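Reading the structure
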Amino acid sequence: MTDFGGGQNRSQGDDGDARTNLIVNYLPQNMTEKELYSMFVTIGPVESCRVMKDFKTGYSYGFGFVNYSKAEDAAHAISTLNGLQVQNKRLKVSFARPSGDDIKETNLYVTNLPKNVSEAQLDGLFGKFGTIVQKNLLKDKITGMPRGVAFVRFDRREEAMEAIQHMNGVIPEGGTEPLCVKIAEEHGKQKAAYYAGWQAGYTQSRDY
């Protein structure tokens, strides 16, 4: 199985590859990679398929990547499966973009939300800063009740930065605490690398 980014490991200028790699948003929380694969392979041969999850807890972020062998199959999958109702979600299927600075740091981690906040209210709070491509309200695994925590992914980095600037520290309507809005760590590896770098820098600075 190739990396979730599909062609992201190859030349970013390779347009053909970007046209085979799809991002699938609004996946049901319990959807497995096998189920995602089964759905998309009906269109054509799939090279790789991955549901993005927290590597420690296995909690699904609610989106995944499907990379086709042929660009025409990817285009067909968008026209066929985009908007498809699966359980309580409506899939959003679109071309995944190659990694670049403009799409780094686009995923926000929001805490101290009112416990009764809905996805529509989340849209109202953050949608004015740009295009939201993914949102996920976290719920308590035992009670199923909202935890007042959400992930909100924007289309571009500057939109996410603007949302942080305007929403961090703001008490929303119906809330009692100021929101904490910051960049979400994408993967445990990234977090580990960050702390490893911080430790190295800290050790180095002590040597002087």
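What this report covers is the structure whose coordinates are included nearby. (Residues numbered from 1 in each chain as written. Predicted model: local features only at pLDDT ≥ 70, side-chain atom pairs only at ≥ 80, totals over all residues. Heavy atoms only, no water.)

Moving on, we come to the pairing of strand β3 (residues 60–68). Taken across its nine residues, β3 has nine buried, putting it largely inside the fold. Note: strand β1 (residues 21–25) against β3, five bridges, orientation antiparallel. Bridge pairing in β3 links N21 to N67. Where strand β2 (residues 46–53) meets β3, six bridges bridge the pair, whose relative direction is antiparallel. By the bridge assignment, V51 is partnered in β3 with G64. Hairpin connection from β2 to β3: six residues lie between these consecutive antiparallel strands, with G58 at a positive phi of about 80 degrees. (Buried < 20%, exposed > 50% of the residue type's maximum accessible area, 1.4 Å probe, protein only. Helix = DSSP H or I, 4+ residues; strand = E, 2+ residues; numbered from the N terminus. Pairing = 2+ DSSP bridges.)

Let us now look at the sheet that holds β1. Strands sit in the order β2-β3-β1-β6 across an open sheet of four strands; the sheet is antiparallel. Edge positions in the sheet fall to β2 and β6 (92–95), since each of these pairs with one other strand and no more. For this sheet the average axis-to-axis angle between neighbouring strands, irrespective of direction, equals 20 degrees. Across four bridges, β1 lies against β6 in antiparallel orientation. Across the sheet, residue V24 finds its bridge partner in β6, namely V93. (Axes fitted to C-alpha atoms, helices over the stretch in contact; angles between N-to-C directions.)

Strand order in the open sheet made by the four strands is β8-β9-β7-β10, with antiparallel pairing throughout. Two strands lie at the open edges of the sheet, namely β8 (132–139) and β10 (180–183), each paired on one side alone. Across the sheet, the mean angle from the axis of one strand to that of its neighbour is 20 degrees, orientation sign disregarded. Bridge analysis of strand β7 (residues 107–111) against β10 gives four bridges, and the strand direction is antiparallel. Bridging from a neighbouring strand, T111 pairs with C180 of β10. Contacts between helix α4 (residues 119–126) and the sheet are confined to β7, β8, β9 (146–154) and β10, with β8 contributing the most and set at about 130 degrees to the helix. Contacts from helix α5 (residues 157–167) reach β7, β9 and β10, with the element oriented near 155 degrees to β10. (Contact = heavy atoms within 4.5 Å.)

Read these as geometric descriptors, not functional statements.
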